[in-house]
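Structural overview for review
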Amino acid sequence: MATEKRNVLLFIPKYLPQGFDFISYLTVVKTASYVDFESFKLEELRKKMPSLDDDAIRTIKQLSNPAIYKYVDDKAREYKKIQSGKDIEILLQKNKNRYLNESFLAGLAHWQQVPWYHQIKDPSTNKTVKSPCRFVHEKLQLKFKVDYAEALGLDLTTYIVIKGESYFLSDFTRTLFLVEHKHQYFVLQPADYAVLDWLEELNISQYAFRPKDFLFRVVRKLEEKGYVLDRNHCFAVQEIKSKPEPMVLVNEIGNKFLQFVPCWNYEGITVEGPWAPQIELQRQEEMYLVHRDKEAEQSLTQSIQARHPSFKQQYNGNFFIHFDEAKKSNWFFNLYQDWLQQGVQLLGLDLLDHFRYSSNKAETDLHWIKSEGGVTTFTMEVKFGKEKIKIKELQKVVQANQKSLLLMDNTIGILPEEWLRAYALILKHAKIKGATLEVSNWLLQSNQQIFGKEDNAQILPEEWQVKWQQWQNVAAQIYPVPTTIQATLRPYQQKGFEWMALLSEIKSGACLADDMGLGKTLQTISFLSWLHQADSDLRFMIVCPSSLIYNWKNEFEKFAPHLATRIFKGGVQDLAAFFTSGDQVLIAGYGIVRSQIELLANTIWGGVVVDESHNIKNPAAQITKAIHSLTAHHRIALSGTPVMNNTFDLYAQLEFVVPGLLGTAEFFRKEYAHPIDKDGDKEKIKILSKITAPFILRRTKKQVATDLPEKTESIIWCEMEDRQRAAYEEIRSSIRNSIFLNIKNEGLAKSKIGILAGITKLKQVCCSPVLLNEYTGQPIQSIKMNVLLDELQTQLTDSKALVFSQFKGMLHLIAHELKHAGIPYYHFDGDTAIEDRRDMVSAFQQEEDDAKVFLISLKAGNTGLNLTAADYVFLMDPWWNSAVENQAIDRTHRIGQTKQVFAYKMICKNTIEERIIQLQKRKGDISEELVHAEDGFVKNLSEEDVEYLFS
């Protein structure tokens, strides 16, 4: 072939970061046998490329060494003149890069006819090559997506958007502001280039397992810069969708005008300014997404606008009025009164200078009327001079945490600190009915000086106060446990029983919040027996999760057999039968109470006990409304975790125990829940603790360690729900028919294998029917699974637990549920390598390790393991070999264990599991084998026993 020559510009990307020599001017010489390159000078550019227009040549010259040198020199002289304290070299480099970026962007529109080559390394040969390339005149956009992988944590994927199509940035080669793919170069905007550099410098991998830091330091920063970012559901953002409370901030402007600024309180978060659908912000290292209510916000703004003719022409969202106009015809005072009535908070009143303070002080007069049912009724009169303040309006002022109020003469009445200390807390919590106030006796007791000595004695009798002090300070018994209780209470249990009895004397309920395993049930039964001892006509009701109904019944039969119990199934006849039978205790599940509340609410109960009271933490729930409508002389709530998620969890439970103590739900949210949960307000925590402390008794295992035995073993009775019960009965009937056919044909001795297989299969159904092939994939709930998860989530938040099962499938089901619930765990069975077991055990033993649960197969983990970090053990499907069970429990109850161990066998009521336990008790003295082995157990069964087991 003939020699071909072509004049080109050569771009060398690796020189771009240094800012010079990245463009060369070459003639490409091609022959049949080789390709060669000859240099030419910039001055020859117009001659070598006559087709280029002036703009193309101008933009190319801007990227030449002389032009760049001149730009850098000019900038250096500029910085030296202003004597910048910053590192001039760093500033020059940044400015040079920006100059290059802008020059490339300017050139794109004129380089369509420019013949470009680039010099890069060939990835296949790793040799430097020169080949054609092009610069593409397309505007780029960046967008981002957050990804999460269990092993790698959080990461950020960056996309380049070209003509609406998204491409992975990782598929491009980036050099500063240039990105290249398949010999095509695209130029980033300066802001995009700066963001990519910032992300590299930030090293976001350091936040991979720190989601809050990743959110605030990476995601929020990108979103604030206006980038499209898909969070991909990787962050838990608390959404607020409630109706806002209207507020108005009052300021003085220029010594002439009052300014009114509308703002809105969304669950403790104040929002102002132009409306937007959502606003996201951080409080106490938590992320909140406030959904703004346009209608509610506009309503406040429009109502302000309608208050004065001059406001109608003011459109900037703030409203101004001259001082003289505000005072004319008591305009401001009337506005203030209207806003109080409408529940609009007025902020900033005590900071005003030109609305003078009243010379009159607050005069307060209280008159006691009566104290009964734990509540005191009284009247309250507050005056500033001759002006009497409406108590309802005064309550709104102090509930808004304001220290001043506007009086009729346009002066500002001040509520001094000593007045607030004496009356604010009482007034905030009071239930106001016309001219009277109703307040919990306990709140009044905390401020005894507001009433005279005689009235105080009627609020809380002096004799009772002496006993209360003795209970707190003296170890001696105040009340003896009834002799009918068949148990010896441990010292802390005695204290718990006495505490309930003490509070009952002042008509107050109690919330017992001891750790799981400390005997809340026994303390409560002792208290009910004490009440029954004083009045044998009293009838009591226990409300609990359906899974705990039989636990309560068995505990009464064990500790207080003199109190006869009945399980309430529903209906008028069933309730009537309870009252005519002479039984003393009615036990009902939450579901039955909810559906039968009209019937149950007609009875005046001697006492109502609500077990697992966190189930009524939502005041709006039907079950909570039902429980609150029950009438009882004495009320007890039991929960290991009265506060599970936030402070508001406490409200409905204490409203049941001590009605009216915490005011209305809206008040409690605003006064305590929001400041504590969203702002960590320590003063509010202190006040709320003072109010609630007498009515909540919580002891941890650590606090009462000296009173506990080293190991406590108990049974958790589980009542199957309908679908699981139906599956059990279907399998039981089939097995029973098969076994008795075998016994009839081959005799009892030869039917042992079938009996053992039948026992195993029914135990699987008790764990979960899904373990059997015929029920795989069916949505049948497992009662044991539900009870276990409830205990792990609500009771054992600060403890570690071992969970044993002989069925590997059951462990996998539990693991799936734990993962779904966000509970960290370890899991091994016979298929797990020895080395992996050792690593898991070592990690679990570390106090700082996140895993709270260890799932272990009974055979693989019943010996040789040291797991003393755990203090709770759950046996999902107990073996009838007690030695094996004890070995499992002893994984944690062994040398090195410093905590008390609680072990629970989970037994399904009215199943083969319960029958075997009963059979063991009946035949416990006939053979050692009966306790130690299942085949030995089967060997000693008579045909009558088999009939009983499978009945």
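Residues numbered from 1 in each chain as written. Predicted model: local features only at pLDDT ≥ 70, side-chain atom pairs only at ≥ 80, totals over all residues. Heavy atoms only, no water.

Here we take up the overall build of the chain. For the chain, the count of helices and strands is 35 helices and 42 strands. For a compact globule of 951 residues, the expected C-alpha radius of gyration is about 30 Å, and the chain comes in at 39 Å, more than 25% above that figure. In terms of overall dimensions, the chain has C-alpha extents of about 115 × 100 × 50 Å along its principal axes. In the chain, which comprises 951 residues, the proportion classed as buried is 50%. Across the chain, the fraction of contacts at a sequence separation of at least 24, relative to all contacts at a separation of at least 6, is 66%. (Helix = DSSP H or I, 4+ residues; strand = E, 2+ residues; numbered from the N terminus. Rg over C-alpha atoms; globule rule 2.2 N^0.38 Å. Buried < 20%, exposed > 50% of the residue type's maximum accessible area, 1.4 Å probe, protein only. Contact = heavy atoms within 4.5 Å.)

Below, the discussion takes up the packing of aromatic side chains. The way to describe two aromatic rings as a pair is by their centre distance and the angle between their planes. Summed over all chains, the structure comprises 50 aromatic pairs. An angle of 85° between the planes, with centres 5.6 Å apart, marks the rings of F144 and Y227 as edge-to-face. Of this pair, F144 sits in strand β6 (residues 141-149) while Y227 is found in the loop between α6 (211-224) and β12 (228-230), placing the two residues 83 residues apart along the sequence. A single burial state applies to F144 and to Y227, both of which are buried. Here the aromatic rings of Y651 and F668 are separated by 5.4 Å at their centres, their planes lie at 40°, and the arrangement is tilted. On the criterion of sequence distance, the pair formed by Y651 in helix α22 (residues 649-657) and F668 in helix α23 (residues 665-679) is long-range, its members being 17 residues apart. For the pair formed by Y651 and F668, the shared burial category is buried. In this structure an aromatic cluster arises from ring pairing among F11, F22, F104, W111, W116, F135, F177, Y185 and Y193. (Phe/Tyr/Trp six-rings, centres within 6.5 Å; stacked < 30°, edge-to-face > 60°.)

We now examine the nonpolar core. As a rule of thumb, nonpolar side chains are buried together in soluble globular proteins. The biggest cluster of nonpolar side chains holds 145 residues, and the ones touching the most others in it are L258, F260, F332, M380, W419, W552 and W605. In terms of nonpolar packing, the next biggest core, distinct from the first, is built from 63 residues, F11, I60, L229 and F235 among them. (Core = buried A, V, L, I, M, F, W, Y, C linked by side-chain atoms within 4.5 Å.)

A few words now on the sheet that holds β12. Taken in spatial order, the 4 strands make up an open sheet running β8-β7-β6-β12, and their pairing is mixed. Single-partner strands in this sheet number two, and they are β8 (165-168) and β12. Each adjacent strand pair in this sheet contributes to an overall mean axis angle of 30°, direction not counted. Inspection of the sheet shows strand β7 (residues 153-162) paired to β8 by 4 bridges, in the antiparallel sense. Bridge pairing links Y159 to F168 in β8. In the packing of α6 onto the sheet, the strands contacted are β6, β7 and β12, and the crossing angle to β7 comes to about 15°. (Pairing = 2+ DSSP bridges. Axes fitted to C-alpha atoms, helices over the stretch in contact; angles between N-to-C directions.)

With respect to the secondary-structure elements, Y550 resides in helix α17 (residues 549-559). Looking at Y550, the relative accessible area reads 12%, which means it is buried. With 358 residues separating them in the primary sequence, Y550 and C908 have C-alpha atoms 9.8 Å apart. Filtering out sequence-adjacent residues up to four positions away, Y550 remains in contact with I567, K569, W717, E719, K909 and N910.

Here we come to the state of the cysteines. Within the structure shown, the criterion is met by 0 disulfides. Its sulfur unpaired, C544 is 12 Å from the next cysteine sulfur, which belongs to C718. With relative accessibility at 0%, the residue C544 sits in the buried group. (Disulfide = S-S within 2.5 Å.)

Another aspect to go through is the packing of helix α15 (residues 491-505) against helix α16 (residues 520-534). At a minimum axis separation of 9 Å, α15 and α16 run at an interaxial angle of 45°. One finds that α15 runs oblique with respect to α16. You can see that α15 and α16 cross each other, and the crossing is right-handed. On α16, the residues touching Y492, Q493, G496, F497, M500, A501, S504 and E505 of α15 are L522, Q523, T524, S526, F527, W530 and L531. (Parallel < 35°, antiparallel > 145°, perpendicular 65-115°, else oblique. Left-handed = near helix turned anticlockwise from the far one by under 90°.)

Under the defined criterion, the tally for this structure stands at 38 salt bridges. Of the charged contacts in the structure, one is a salt bridge between K328 and E325, with a shortest N-O distance of 2.8 Å. Put simply, R220, E223, E224, R231 and E280 are held in one network by salt bridges that share partners. (Salt bridge = Lys/Arg side-chain N within 4 Å of Asp/Glu carboxyl O.)

In the sheet, strand β14 (residues 245-253) pairs with strand β15 (residues 257-266) via 9 bridges, with the strands oriented antiparallel. Following the sheet pairing, V248 is matched in β15 by P262. Hairpin connection between β14 and β15: a loop of 3 residues separates the two successive antiparallel strands, and G254 in this loop has a positive phi of roughly 60°.

What follows concerns the packing of α23 against helix α24 (residues 682-692). Closest axis-to-axis distance for the α23/α24 pair is 9 Å, and the angle between their directions is 125°. Considered as vectors, α23 and α24 are oriented oblique to each other. The hand of the α23/α24 crossing is left-handed. Between α23 and α24, the contacting residues are F668, E671, Y672, P675 and I676 on the first element and K684, I685, I687, L688 and I691 on the second.

Below, the discussion takes up α24. What α24 keeps buried is the set K684, L688, I691 and T692. Each buried residue of α24 lies within a common arc of 85° when the element is viewed along its axis, so the set occupies one face. For α24, the exposed residues set more than 90 degrees away from the buried face come down to K682, K686 and K690. Turning to α24, the residues buried within the fold contact α11 (417-429), α12 (441-445), α22, α23 and β36 (696-697). Two to three positions downstream of the cap, the backbone nitrogen of E683 sits 3.0 Å from a side-chain oxygen, assigning the N-cap of α24 to D681. (Arc of directions from axis to C-beta. Polar contact = N/O pair within 3.5 Å; in protein donor to acceptor, adjacent residues only side chain to side chain.)

Turning our eyes to something else, we now look at the sheet that holds strand β4 (residues 116-121). Pairing in this open sheet of 8 strands is mixed, and the strands run β3-β2-β1-β4-β5-β11-β10-β9 from one edge to the other. Each edge of the open sheet carries a strand with a single partner, namely β3 (35-39) and β9 (173-175). Direction aside, neighbouring strands of the sheet carry axes that sit 40° apart on average. Examined bridge by bridge, strand β1 (residues 4-11) and strand β2 (residues 23-30) share 8 bridges and lie antiparallel to one another. Bridging from a neighbouring strand, V8 pairs with L26 of β2.

In this structure, I759 sits in helix α26 (residues 752-767). Relative accessible area serves as the criterion here: at 1%, I759 is assigned to the buried category. Taking the C-alpha atoms as reference points, I759 and Y357, separated by 402 residues in sequence, lie 84 Å from one another.

We now examine unusual backbone geometry. Note: most peptide bonds trans; most residues except glycine with negative phi. If you check the backbone angles, D21 has positive phi at about 65° while not being a glycine. The backbone phi angle of H183 is positive, close to 70°, even though this residue is not glycine. In this structure, H183 sits in the loop between β10 (178-181) and β11 (184-187). Overall, H183 belongs to the partly exposed group, its relative accessible area being 37%.

The topology assignment puts S242 in the loop between β13 (238-240) and β14. Residues S242 and D293 lie 51 residues apart in sequence; the distance between their C-alpha atoms is 8.2 Å. Those residues in contact with S242 that sit more than four places away from it in its chain are Y266 and E267. Within polar-contact distance, the side chain of S242 engages the side chain of E267 at 3.2 Å.

On to the pairing of strand β19 (residues 319-322). The side chains of a regular strand alternate, residue by residue, between the two faces of the sheet. Going residue by residue along β19, you find F319 and I321 tucked away on one face and F320 and H322 left uncovered on the opposite face. Direction of pairing for β15 relative to β19: antiparallel, over a ladder of 4 bridges. Following the sheet pairing, Q259 is matched in β19 by F320.

By the element assignment, R699 lies in the loop between β36 and β37 (711-718). Looking at R699, the relative accessible area reads 10%, which means it is buried. Here the side chain of R699 touches Q523 through a polar contact of 2.9 Å, side chain to side chain. When residues no more than four places from it in sequence are discounted, the contact partners of R699 are Y492, K495, G496, L512, A513, D514, D515, L518, Q523 and V704.

Keep in mind these numbers describe shape, not what the thing actually does.
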